[in-house]
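The primary structure of each chain is shown beneath.
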Amino acid sequence: MADVRNADELFKEFKAQSVSEFFKKNAAMLGYTGKIRSLTTIVHEGVTNSLDACEEAGILPEISVWVEELGTEHYRVTMEDNASGIPLEYVPQVFGRMLAGSKAHRNIQSRGQQGIGVSGAVMFSQVTTGKPTSFLTSTGDTHIVKGRVQLDVKRNLGEIVDKEKLHNTSGWRGTVIAHEAKGVLYNKSRYSPYNYLRMTSIANPHARITFIEPDGTRILFERSTTLVPKPPKAIKPHPYGITPDDLLTMASNTDAKKLGAFLEKEFVRISSAKAEEIASLSGVSLAQQPARLSWDDAERVVNAFKATKFFAPPTEGLRPIGGEEIAKSLTSTLSPEFTQTITRAPQTFRGGILFVVEAGLAYGGKAGKGGIEIIRYANRAPLIFDQGGCAITEAVKSVDWKRYGVRDVEKVPLTVFVNIVSTHVPYTSAGKQALAMEEEIHAEVRYALMDCGRALSRFLAGKRKLYERRSKMNTLLKYVPETAAAIAALTGQDAAGVADRLSRIVSERYELVDEDEGDEGEAAPTDTEEDTDEQ
Amino acid sequence: MSNEINAKLVELAQAVLAQLEEERPPAIHIPQRGLSNVFFDDGERILRLGDKTSKRSFLNIAHTKKFMQTMLVAEYAKRLVADDKHAGIRELYYALKHSIAKSKENTFEDQNESNIIIEDLERTLDVLREQLNLTADRRGFIYGDIEIRDSGDRFNASKLGRGGWAVPGNIEDITFKKANVDYILAVETAAMSDRLIEEKFPVQNNCLLVACQGQAPRGIRRLLSRLHVEMNLPVVVFTDGDPYGWYIYSTIKQGSINLAYLSNTLSVPEAQFVGMTMDDIETYELGGVTEKLKDLDKKRIEEELKYPWFQNRKWQKQLNKCKKMGVRIEQQALANKSLEFVAKEYLPEKIESKNFLP
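The following paragraphs examine the structure supplied in this document. Chains are numbered independently. Their residues run from 1 in the order of the written sequence. Written order determines the labels here, with chains lettered from A and ligands numbered from 1. Per-residue local features are limited, in this predicted model, to residues with pLDDT of at least 70; the limit for side-chain atom pairs, both in listing and counting, is 80 or more; totals at the level of whole chains, interfaces and linings are taken over all residues.

So, the packing of helix 12 (residues 391-398) of chain A against helix 13 (residues 439-478) of chain A
Residue and element names in this part refer to chain A.
Here is step 1 of the chain: Axes here mean lines fitted to C-alpha atoms, for a helix over just the part in contact, with angles spanning 0 to 180 degrees between N-to-C directions. By the criteria applied, helices consist of DSSP H or I runs no shorter than four residues and strands consist of E runs no shorter than two, each listed in order from the N terminus. One can describe the packing of helix 12 onto helix 13 by two numbers: an axis separation of 9 Å at closest approach and a directional angle of 45°. The angle between the axes of helix 12 and helix 13 places the two elements in the oblique class. Like other packed secondary-structure pairs, helix 12 and helix 13 cross with a definite hand, here right-handed. Mapping the contact onto sequence places Ala 391, Ile 392, Glu 394, Ala 395, Val 396 and Ser 398 in helix 12 and Ile 441, His 442, Val 445, Arg 446 and Leu 449 in helix 13.
Here is step 2 of the chain: Grouping the amino acids of the contact of helix 12 with helix 13 by side-chain chemistry returns seven nonpolar, two polar and two charged. Throughout this description, any angle smaller than 35 degrees is read as roughly parallel, any larger than 145 degrees as roughly antiparallel, any in the 65 to 115 degree range as roughly perpendicular, and the remainder as oblique. Here a crossing is called left-handed whenever its near helix is offset anticlockwise from the far helix by less than a right angle, and right-handed whenever the offset is clockwise. C-beta atoms are placed from the backbone for every residue, and two residues are taken to be in contact when these atoms lie within 7 Å. Classification convention: Asp, Glu, Lys, Arg as charged; Ala, Val, Leu, Ile, Met, Phe, Trp, Tyr, Cys, Pro as nonpolar; all other residues, Gly among them, as polar.

As structure tokens, this is what we get:
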């Protein structure tokens, strides 16, 4: 038994666990896996924060992202926004605190990993380069705060170092943040910051995003609308889709003194009659103090929820982008020949979680990427990774595109846009890049795409018809000179004159038919044999 | 005559010009080709062209090229007639073949295309190819005691050596003087004709031998028709015993489906068939020298069984027998007996006893 080590020894090692080890354990969960993905995640965290901040303040976002190559696999990412800026006392909280696990239960539609976001990037930067993250911020008043923030892992706090106050002579408002990172790589692949920003721009038509690549190329993703979306409203949770743990968390935060009041106040669709029903089903008294609910009580209440009928949740909390805005966005980003978009009516999954599916198709121009390109979003945030395992991808693949006039799925210049809007997006994993196979979501995405597909099919049929007509016309015109010359020689006329008349009849007939699609008479014959004349 | 032809060609183009001026889609009407527009005239016992026409429209992409080709051929024929020149139908093909501007396409891809257009023009304008100064390659020859006058030359077709006289495509200017023969024997193959000449069959049997060399060309058919009518000579046909040989006979007798519009000048409704028949195989014990029918032969039998002009007991019997036996018999298979057999026994016996099929 000489090899047995005592607890003191073991816990010495535990305490010695480094910042980088801590981070590595959680890196995958936070999206820092792979050289390219890590860089994109840094950009994602900054841009998401900026967009959310602008939205809440009702500001039209102007966002710049600048990626510089400092050495081999060594980059600096600088991001600037024009949001309301951060008062100095909140800087450590915003940039430094890892809120993982203590996320307030806000039943609200939001873009990303609320809370973990920027502090994760600060941590990644610190772990790979040993350097703090620089920032500049101003609320638009007389001064600008400049400083560097680093993370105290033990205390889960941000520390500001080298803080400076600068005069704000130009009235600038916003935030600049600059992370350095090693072990990352920039390229222009599907997983790159470039594609991430392009996709972000499509789902946020009100944002103007400037991107400067490491080689100095400046790319502008211009906004296609000046309408700032209304910030999403926090809505109370619906009794379906609640776990005993959720219930206990809510119960410990409520002001209500009795279970009855708690249920009526903190949930939607629970009236006093419904509360009575729940009490009798669960056997938990409505007079019970919420803070004193046991796990067992919570389980019984949740089971009672499931056995009770409620109205579907109200829909005012969700903020879809809107079909028209998506169409504008797809048009300005992809310059397609055709777009069709739809925002479906709200539905619920898992019995009571509200969601809305938005879909769009863009055909031609820069749409598609060697076949159908799927661009996925959850609450407007692009989902770039794990495409294969996503319910959206499955739904896109389940559509029989041939039925909608797409002849070759491998070659069609088609971009398929799907945005899932929900207070609770069912991700497959902590990476938050793929949606779980929820039957209702899958079906809604399909319906949305099939709806758009019908319009695509009409467009393609018209396009094909036009193409066929044009090539027919050109074929006919090809035979005009020979025919005209022979007719002219036979009749003693001028060949150019005959050719002119003949060409005109051909062009007039085939042009005319474009506007008059119903005409299937002599104008656009498709028969291969000569017709028998009427006797 | 040539003025009339010229007028017909010009008229065709002028009709198109008129349509252009009225801004109507240009189209011409062409009598249809093929079996669907052919009927068997029971009274005259010949095939005739029906009155179904097709509309060939320049605006119909399936017709446009043919429309152009029709005009090209018409224009070329007009030049030939005006210059009093003759051209072979293959010459016409090469004269008109060239690439179409701004394309990889030719005006005509093969001679079959121009041949079809020439036939279309014949039907449409009701003129003969020869009247358009177009001639086909000569094929077929005659051998026998008949005096012929052609472009100032006068000769006897039995005094031209074993090769006989090669019949030109256009025999309209030829005149027949004196014929010391009792009937005409039309033979499918040149080889069989040579055999019969070597055996002195025409001399000994007092007949004029006509070698068709396959499907009888127009010159030969016109010659047979004219000799039959002008010199009052009966025609006996001798072909292979198979559906192709029998169709050669029926073409000589009542015209062909493709040239039904010419039947009245090209056919001999009174012609009779001497062989080969399926019965010959048994009668002359030729079972060992038959050939198996191919799929195409069988298909042809099925078609011929339905032709109105084969609707008689004797022909139905031969066709059905052929189908059942699954074999064909060639003229030259008679050599199995001996080289002389066909000339000394087979033909004399059958012709003497009038053992014919109708």
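Focus: unusual backbone geometry
Residue and element names in this part refer to chain B.
Here is step 1 of the chain: Cis peptide bonds are those with omega within 30 degrees of zero, and the linkage from Gly 275 to Met 276 qualifies with 0°.
Here is step 2 of the chain: When you line up the elements, Met 276 lands in the loop between strand 15 (272-275) and helix 10 (278-283).
Here is step 3 of the chain: The backbone of Asp 84 sits at a positive phi, close to 55°, despite the residue not being glycine.
Here is step 4 of the chain: Along the polypeptide, Asp 84 turns up in the loop between helix 2 (64-83) and strand 5 (87-88).

Considerations on the sheet that holds strand 6 (residues 174-182) of chain A
Remark on secondary structure: sheet strands pair via backbone hydrogen bonds, oriented parallel or antiparallel.
Residue and element names in this part refer to chain A.
Here is step 1 of the chain: Strand pairing follows a simple DSSP-based rule, namely that at least 2 bridges must link the two strands. Strands sit in the order 5-4-3-6-2-1-7-8 across an open sheet of eight strands; the sheet is mixed. What marks the edges here is a single partner per strand, and that holds for strand 5 (157-167) and strand 8 (218-221). Here the average twist between neighbouring strands, direction ignored, is 15°.
Here is step 2 of the chain: Pairing geometry for strand 7 (residues 208-212) and strand 8, over four bridges, is antiparallel. Looking at the pairing, Ile 209 lines up with Phe 221 of strand 8.
Here is step 3 of the chain: Seen against the sheet, helix 6 (residues 193-203) touches strand 1 (62-71), strand 7 and strand 8 and runs at an angle of roughly 170° to strand 7.

Considering the interface of chain A and chain B
Here is step 1 of the chain: The partner chain B presents 37 residues to the 29 residues of chain A that form the contact.
Here is step 2 of the chain: Those elements giving two or more residues to the side of chain A that touches chain B turn out to be helix 13, helix 14 (480-491), helix 15 (495-515) and strand 15 (531-532) of chain A.
Here is step 3 of the chain: Per-class residue counts for the side of chain A that touches chain B are twelve nonpolar, six polar and eleven charged.

Considering the environment of Gly 216 of chain A
All names here are of chain A.
Here is step 1 of the chain: By the element assignment, Gly 216 lies in the loop between strand 7 and strand 8.
Here is step 2 of the chain: Since 8 C-beta atoms lie within 10 Å of it, Gly 216 is described here as exposed.
Here is step 3 of the chain: For the pair Gly 216 and Trp 66, spaced 150 residues apart in sequence, the C-alpha to C-alpha distance is 9.0 Å. Here a residue counts as buried when 20 or more other C-beta atoms sit within 10 Å of its C-beta, as exposed when there are 12 or fewer, and as partly exposed otherwise, the C-beta atoms being derived from the backbone.

Overview of the sheet that holds strand 9 (residues 153-156) of chain B
All names here are of chain B.
Here is step 1 of the chain: Reading across from one edge, 9-8-11 is the order of the three strands in this open sheet, with antiparallel pairing throughout. Two strands in the sheet have a free side with no partner beyond their single neighbour: strand 9 and strand 11 (175-179). Between one strand and the next, the sheet's axes are offset by a mean angle of 20°, whatever the strand orientation.
Here is step 2 of the chain: Of the strand pairs in this sheet, strand 8 (residues 146-150) and strand 11 are connected by three bridges, and their pairing is antiparallel. Residue pairing in the sheet places Arg 149 in a bridge with Thr 175 of strand 11.

That is the geometry; function is a separate question.
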